[in-house]
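# An overview of the molecular structure
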Amino acid sequence: MAAELVNVNEFQIMAKQVLPKMYYDFYAGGAEDQYTLKENVEAFQKILFRPRVLMDVSRIELSTTVFGHAISAPIMIAPTSMHKLAHPEGEIATARAAAACNTIMVLSVSATCSLEEVAASCNAVQFFQLYVYKRRSIAVNLVQRAERNGYKAIVVTADTPRLGRREADIKNKMIVPQLKNLEGLLSTEVKYDKGSSLEAYANESFDASLCWKDIGWLKSITNLPIVVKGILTRDDAIKAMEVGVEGIIVSNHGARQLDYTPATISALEEVVDAVRGKVPVLLDGGIRRGTDVFKALALGAQGVFVGRPVIYGLAVKGEHGVRQVIEMLKNELELTMALSGCPSLKDISRSHVRTECERLQSML
């Protein structure tokens, strides 16, 4: 009998065993030297707790609301592409797991199930992630379809004017299947002499002229809230508010775009301080433990998104694996709250954590 999986990291080990190398490398890899890929995880490990004791933690309350939607815990599913490379049921299995866990799923525009199929598969609260293509009519089509099919927000990925250099995909000659949401709109079959067809397709298709004024254009074509994903600095956080976004996701694209950007948890406070509570700030990147979720909340995030671990759960056990990943993180968060003296999310404060910078300053 196989040993019971007891934490999220063990799903990655199993996923590496069951996935073809090309697909595992696609999901697991980062850009260039993969410095930021490692730092996304390791930066959490440099933040220590300052727990309170003798607090009544006989009941722990994890539930919260994000953009007005009630969810069981501040742990949501990030947009990740091509789930059918991990499991035959693809994004439908992931969405059903989100519904079972009572959380939000952000469906990637680069899904291998159509947004209509995923919306019809379950009653999960779903957001739709958008790249803006050179042919702007494609974005209009996608946004309008998302709104018609009950998606609750548009998540615009802002950090991808071109695709980052993902060297494992280049070596493996990564092949992109036809993406279901783009059928009849844009072919993912591109001519390329070497390297990754994903890189060739993205660089041919994505609109590198996309800029802040285009958020106004997006707001003009939908009544859904616009959330911008990919903010890492105070200046961009302020700009996002100026153009009227309804939310910000602190993200470095899972360390798949520009290497040597800061870990998202390291950039979080700068963004939170700039926003001053005017819009929700969420975070993705590097979440592997419930302790990581607690640290993000203590530093000002209203919730977190989980990417790769969801894919690993999907690859290993399908829908059940995704549910397990989310439940593991929820259970670890609940335990962390209890041991830190926080019976509810509102009790988690900045004083519950100590960053490495603060630790070093205390030694001077």
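Here goes a summary of the coordinates provided. Computed from a predicted model, the values in this text were never measured in an experiment.

The number of helices and strands found in the protein chain is 14 helices and 12 strands. Relative to the 2.2 N^0.38 estimate, which gives 21 Å for 364 residues, the radius of gyration of the protein chain is 20 Å and therefore close to what a compact globule would have. Once the C-alpha set of the protein chain is aligned to its principal axes, its extents read approximately 65 × 55 × 45 Å. Buried positions account for 57% of the 364 residues belonging to the protein chain. Pairs at least 24 apart in sequence give 72% of the contacts found in the protein chain among residues at least 6 apart. Summing over all exposed atoms, the protein chain offers an accessible surface of approximately 15700 Å²; the carbon and sulfur share of this is 51%.

So, about the nonpolar core. With 109 residues, the main nonpolar core has Phe128, Tyr133, Leu142, Ile248 and Ile265 as its most contacted residues. Here this core gets 12 residues from one element, more than from any other, and that element is helix α13 (residues 308-340). Setting aside residues no more than four positions away along its own chain, Tyr133 makes contact with Val109, Ile138, Leu142, Leu182, Leu186, Tyr201, Ser205, Phe206 and Asp207. One finds Met76, Ile104, Phe127 and Val155 within the second-largest nonpolar core, a separate group that totals 13 residues.

What follows covers empty space enclosed by the protein. The full count for this structure, using the stated rule, is one cavity of 30 Å³ or more. Looking at the largest cavity, its volume works out to about 530 Å³. Lining of the largest cavity is provided by 37 residues; of these, Pro79, Thr80, Ser81, His253 and Arg256 occupy positions nearest its centre. Of all the secondary structure elements, the ones that give two or more residues to the lining of the largest cavity are α2 (21-28), α3 (35-45), α8 (197-205), β11 (303-306) and α13. Residues that form the lining of the largest cavity fall into these classes: 19 nonpolar, 12 polar and six charged.

Contact geometry of helix α12 (residues 290-298) with α13 gives a least axis separation of 7 Å together with a crossing angle of 60 degrees. By the angle class used here, α12 and α13 are oblique. Considering the relative orientation of α12 and α13, their crossing is right-handed. Only Leu329, Glu332, Leu333, Thr336, Met337 and Ser340 of α13 make contact with α12, whose side of the interface consists of Gly290, Thr291, Val293 and Phe294.

We now examine the pattern of salt bridges. Summed over the entire model, instances satisfying the criterion amount to 14 salt bridges. For Asp25, the salt bridge goes to Lys21, with nearest N and O atoms at 2.6 Å. A residue pair is termed a helical-turn pair when its members lie 3 or 4 positions apart in one helix, as Asp25 and Lys21 do in helix α2 at four residues. Taking the relative accessible area as the measure of exposure, Lys21 reaches 57% and is therefore exposed. Residue Glu183 pairs with Lys180 through a salt bridge whose shortest N-O separation is 3.9 Å.

Turning our eyes to something else, we now look at unusual backbone geometry. The phi torsion at Leu54 lies on the positive side, around 55 degrees, for a residue other than glycine. Here Leu54 lies in the loop between β1 (48-49) and β2 (64-66). Residues other than glycine seldom take positive phi values, yet Lys173 does so here, at roughly 55 degrees. Under the relative-accessibility criterion, Lys173 is labelled partly exposed at 46%.

With that out of the way, let us pick up the pairing of strand β10 (residues 281-284). Burial along β10 is two-sided: the face carrying Val281 and Leu283 and the face carrying Leu282 and Asp284 are both buried. Looking at chain direction, strand β9 (residues 247-250) and β10 are connected through three bridges and run parallel. By the bridge assignment, Val250 is partnered in β10 with Leu283. The β-α-β motif built from β9, the intervening helix α11 (residues 264-275) and the parallel element β10 has right-handed crossover chirality. Judged from the three bridges that link them, β10 and β11 form a sheet pairing that is parallel.

A separate point is α11. Between its first and last C-alpha atoms α11 spans 16 Å; for 12 residues at 1.5 Å apiece the expected length is 16 Å, and the two agree. When we look at burial in α11, the residues that qualify are Thr264, Ile265, Ala267, Leu268, Val271, Ala274 and Val275. Axial view of α11: buried residues confined to an arc of 155 degrees, hence all on one face. In this fold, the buried residues of α11 make contact with α3, β8 (226-231), α10 (234-242), β9, β10 and α12.

Analysis parameters
Numbering of residues begins from 1 in every chain and follows the order in which that chain's sequence is written. In keeping with the predicted nature of the model, local features appear solely for residues at pLDDT of at least 70, side-chain atom pairs appear and are counted solely at 80 or more, and the whole-chain, interface and lining totals rest on all residues. No hydrogens and no water enter the side-chain calculation; it runs on all heavy atoms of the structure. Where helices and strands are cited, they refer to DSSP runs of H or I of at least four residues and of E of at least two residues respectively, numbered from the N terminus. Both definitions apply: the radius of gyration is a C-alpha atom measure, and the globule rule equals 2.2 Å times residues to the power 0.38. Exposure is judged per residue with a 1.4 Å probe applied to protein chains only, and the accessible area is read against the type maximum: over 50% gives exposed, under 20% gives buried, and values in between give partly exposed. A contact between two residues is defined here by any heavy atoms of the two lying within 4.5 Å. Residue exposure ignores everything except the shown protein chains as possible cover, and the areas themselves are Shrake-Rupley values with a 1.4 Å probe. Residues belong to one nonpolar core when they are buried, are Ala, Val, Leu, Ile, Met, Phe, Trp, Tyr or Cys, and are joined through side-chain atoms within 4.5 Å. Both site types are read off a 1 Å grid over the protein atoms alone. A 1.4 Å probe that fits but cannot get out defines a cavity, while an open set with protein on both sides within 12 Å along at least five of seven lines defines a pocket; lining residues have an atom within 4 Å of a point. Grid points are joined across faces, edges and corners, and a volume is the space filled by probe spheres set on the points. In this count, Pro and Cys sit with the nonpolar residues alongside Ala, Val, Leu, Ile, Met, Phe, Trp and Tyr, while Asp, Glu, Lys and Arg are called charged and the others, Gly among them, polar. Interaxial angles span 0 to 180 degrees and are taken between N-to-C directions of axes, which are lines fitted to C-alpha atoms, for helices over the stretch in contact. To sort the angles, those under 35 degrees are grouped as roughly parallel, those over 145 as roughly antiparallel, those from 65 to 115 as roughly perpendicular, and the leftovers as oblique. Each helix crossing is assigned a hand: it is left-handed if the near helix lies turned anticlockwise from the far helix by less than a right angle, otherwise right-handed if that turn is clockwise. Salt bridges are counted wherever a side-chain nitrogen of Lys or Arg sits within 4 Å of a carboxyl oxygen of Asp or Glu. For two strands to pair, DSSP has to find at least two bridges joining them. By convention a crossover is right-handed if, when the strands point away from the viewer, the path from the first strand over the helix to the second runs clockwise. What a helix is expected to span follows from its residue count: subtract one and scale by 1.5 Å. The directions from the helix axis to the C-beta atoms form the arc being described.

All we've got here are geometric facts, nothing functional implied.
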